[in-house]
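A structural walkthrough
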Amino acid sequence: MEESKQVMQVMSTQQLIELLRMKRIDFAITSYVDGMQFLNKNLITDIQPMQPNLANHNLYIYLNKRYASLVPMFDDKIKQLHLSGKLDLMIRAAEDQVMNFD
């Protein structure tokens, strides 16, 4: 990527994948779930995701001020789910559901 001379922004994953397949671009950056869902839905097997992921981003939950008292409860529950491994299972199940959606 250090040698890249140009960056192109597109409006859809479909456009991104078409450019990649036509060899108009050398690589594409999109979210893992979005990219895999598009590839699976369109039965595209000649494009594979880069491993490991280029980046991971944190997920933030925002609550209206009137629900500020619920923040400790959310925090505790998320920590419990993380420590038990259930959070990872829930994330994988959600990703699988999205990627296998017709």
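For the structure, see preceding data.
Here we summarise the structure given alongside this text. (Residues numbered from 1 in each chain as written. Predicted model: local features only at pLDDT ≥ 70, side-chain atom pairs only at ≥ 80, totals over all residues. Heavy atoms only, no water.)

1. Some details on helix α2 (residues 32-41)
Considered for burial, the residues of α2 that qualify are Val33, Gly35, Met36, Phe38 and Leu39. In this fold, the buried residues of α2 make contact with α1 (13-21) and α4 (86-99). Leu43, located one to two residues past α2, shows a positive phi value of around 55°. (Buried < 20%, exposed > 50% of the residue type's maximum accessible area, 1.4 Å probe, protein only. Helix = DSSP H or I, 4+ residues; strand = E, 2+ residues; numbered from the N terminus. Contact = heavy atoms within 4.5 Å.)

2. Some points on the packing of helix α3 (residues 71-84) against α4
Between α3 and α4, whose axes approach to 4 Å, the crossing angle comes to 85°. Considering the angle they form, α3 stands roughly perpendicular to α4. The residues of α4 that touch α3, namely those facing Ile78, Leu81, His82 and Ser84, are Lys86, Leu87 and Met90. Here the contact of α3 with α4 is composed, by residue class, of 4 nonpolar, 2 polar and 1 charged. (Axes fitted to C-alpha atoms, helices over the stretch in contact; angles between N-to-C directions. Parallel < 35°, antiparallel > 145°, perpendicular 65-115°, else oblique. Nonpolar A, V, L, I, M, F, W, Y, C, P; charged D, E, K, R; others polar.)

3. Digging into α1
Residues Thr13, Leu16, Ile17, Leu19 and Leu20 constitute the buried set of α1. Buried residues of α1, viewed axially, fall in a sector of 160°; they line one side. Buried residues belonging to α1 abut α2. Once α1 finishes, Lys23 follows within two positions and takes phi at roughly 60°, a positive value. (Arc of directions from axis to C-beta.)

4. Considering the pattern of salt bridges
Side-chain pairing between opposite charges can occur once the charged atoms of the two side chains come close. Tallying each qualifying case throughout the model produces 2 salt bridges. In this structure, the salt-bridge partner of Arg21 is Asp46, at a minimum N-O distance of 3.3 Å. Residue Arg21 is found in helix α1, and its partner Asp46 is found in the loop between α2 and α3; the two are separated by 25 residues along the sequence. The partly exposed category is assigned to Arg21, whose relative accessible area is 45%. A relative accessible area of 53% means that Asp46 is categorised as exposed. Between Lys79 and Asp75 there is a salt bridge, with its nearest N and O atoms 3.0 Å apart. Residue Lys79 and its partner Asp75 are located together in helix α3, separated by 4 residues, close to a single helical turn. On the accessibility criterion, Lys79 (47% relative accessible area) is partly exposed. (Salt bridge = Lys/Arg side-chain N within 4 Å of Asp/Glu carboxyl O.)

5. Some details on the side chain of Thr13
Mapped onto the secondary structure, Thr13 falls in helix α1. Side-chain polar atoms of Thr13 contact the side chain of Asp34, separated by 2.3 Å. (Polar contact = N/O pair within 3.5 Å; in protein donor to acceptor, adjacent residues only side chain to side chain.)

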